[in-house]
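# Topology and contacts: notes
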Amino acid sequence: MAALGWLTPRRRSATARSVLAGEASAEAARKTALGDELLDGTDFPGTTEAERAAEAEPEAPQEPAEPAEPEFPVAGDDLAAAFFDLDNTVMQGAAIFHFGRGLYKREFFRRRELARFAWQQAWFRLAGVEDPEHMQDARDSALSIVKGHKVSELMSIGEEIYDEYMAVRIWPGTRALAQAHLDAGQKVWLVTAAPVETATIIARRLGLTGALGTVAESVDGVYTGRLVGEPLHGPAKAEAVRALAAAEGLDLARCAAYSDSHNDIPMLSLVGHPYAINPDTKLRKHARSNDWRLRDYRTGRKAVKIGVPAAAGVGAIAGGTAAAIALHRRRK
């Protein structure tokens, strides 16, 4: 019967590990946003040529604007901030999927690891819920890849991967929402299960304040192969937002949060202005029943989530498996 456990969805509440993960993520985010050196002497480039070219392109036709909400965001309200989920909210697909593609291209994966990752990825896609044993296995596999590598090395590679795969996948509509908060003088944070280093790169490239993400332990700038707490997913995201708001002196009732996934209902429920962006079926239903605002920037007959399900976004490199296998076959 244990093998069928994934057929019955389970509600997760905050645990000591999720609280630890949230607090660690908030601490890392604040240090980065305050300009502390996340890595030894790492320089982070500004706008790239690719981004400048993208900005110069004509904007896609916009859907008719909804009735104006002049009272929000409130300009000059320094007790308010905005928190944006990343995957399928700010960016099409999963950041870890694209990061995995880049790592495979740079030969971080070996063939025997691909089969293992493929099984783990298939499980997450079929199950759609977090089975503890399988999630632990995925985390261990992913962490074994980065173990012994320098944080600075992964950050440098992450900058390249952003240019290669991520920059063109930013949703213009969600980007405009984030800019509205920035223009109002508010801080804007990404909140994601992706590694905090990857999330920080994306936040900086978009001109946002910073990022909350999964924190992998490092000693003297080298990954140990362990996480601090657990992946920043579900309740852990809410704990990270709560910890950051307390440290920043924010009033959560005046803050906004944006996400596509029902897994982020704990985070969305914390703030006074929750938004469902490109929502999955469960979140759309929840948002409508609670009178939350909705935005959908997807096109096509059916708004299908792009990339891997949120349950796979556990800070694991397994998200790159599908692309890795495809690339491997193409090269044979």
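Computed from a predicted model, the values in this text were never measured in an experiment. (Residues numbered from 1 in each chain as written. Predicted model: local features only at pLDDT ≥ 70, side-chain atom pairs only at ≥ 80, totals over all residues. Heavy atoms only, no water.)

### With respect to the sheet that holds strand E8 (residues 293-295)
Put simply, the rule is: At least two bridges found by DSSP between two strands are what make those strands a pair. Here a strand is any run of E in DSSP of at least two residues, a helix any run of H or I of at least four, and the numbering for each starts at the N terminus. Every angle, taken between N-to-C directions, lies between 0 and 180 degrees, and every axis is a line fitted to C-alpha atoms, over only the stretch in contact when it is a helix. Any two residues whose heavy atoms approach within 4.5 Å at even a single point are treated as in contact.
Spatially, E3-E2-E1-E6-E7-E8 is the arrangement adopted by the 6 strands of the open sheet, whose pairing is parallel. In this open sheet, the two edge strands, each paired with only one partner strand, are strand E3 (210-214) and E8. Neighbour to neighbour, the strand axes of the sheet diverge by 20° on average, direction disregarded. In the sheet, strand E6 (residues 256-259) pairs with strand E7 (residues 273-277) via 4 bridges, with the strands oriented parallel. If you follow Tyr-258 over to E7, its bridge partner there is Tyr-275. Docked against the sheet, helix H11 (residues 281-289) engages E6, E7 and E8, running at close to 145° with respect to E8.

### Regarding the confidence of the model for the protein
Close inspection of predicted coordinates is inappropriate for parts of the model with low pLDDT. Basically, it comes down to this: One confidence number per residue, pLDDT, is output by the predictor and ranges from 0 to 100.
When the pLDDT values of the protein are averaged, the result is 74; 63% of them are 70 or greater. Counting contacts from residues 1-12, a segment whose pLDDT is below 50, to residues more than four positions away or on other chains yields 14 contacts. Low pLDDT (under 50) marks residues 36-58, which in the prediction has 23 contacts with non-local residues, meaning those over four places away or in another chain.

### Quick notes on the pairing of E3
The cut-off we apply is this: Only protein chains enter the accessibility calculation, which uses a 1.4 Å probe. A residue is then buried if its area is under 20% of the maximum for its type, exposed if over 50%, and partly exposed in between. The crossover handedness rule: strands pointing away from the viewer, path from first strand over the helix to second strand clockwise, crossover right-handed.
Within E3, 5 of the 5 residues are buried, leaving the element largely enclosed by the surrounding structure. Judged from the 4 bridges that link them, strand E2 (residues 187-195) and E3 form a sheet pairing that is parallel. Paired with Leu-190 across the two strands is Ala-211, which belongs to E3. Handedness of the crossover joining E2 and E3 through helix H8 (residues 196-205): right-handed.

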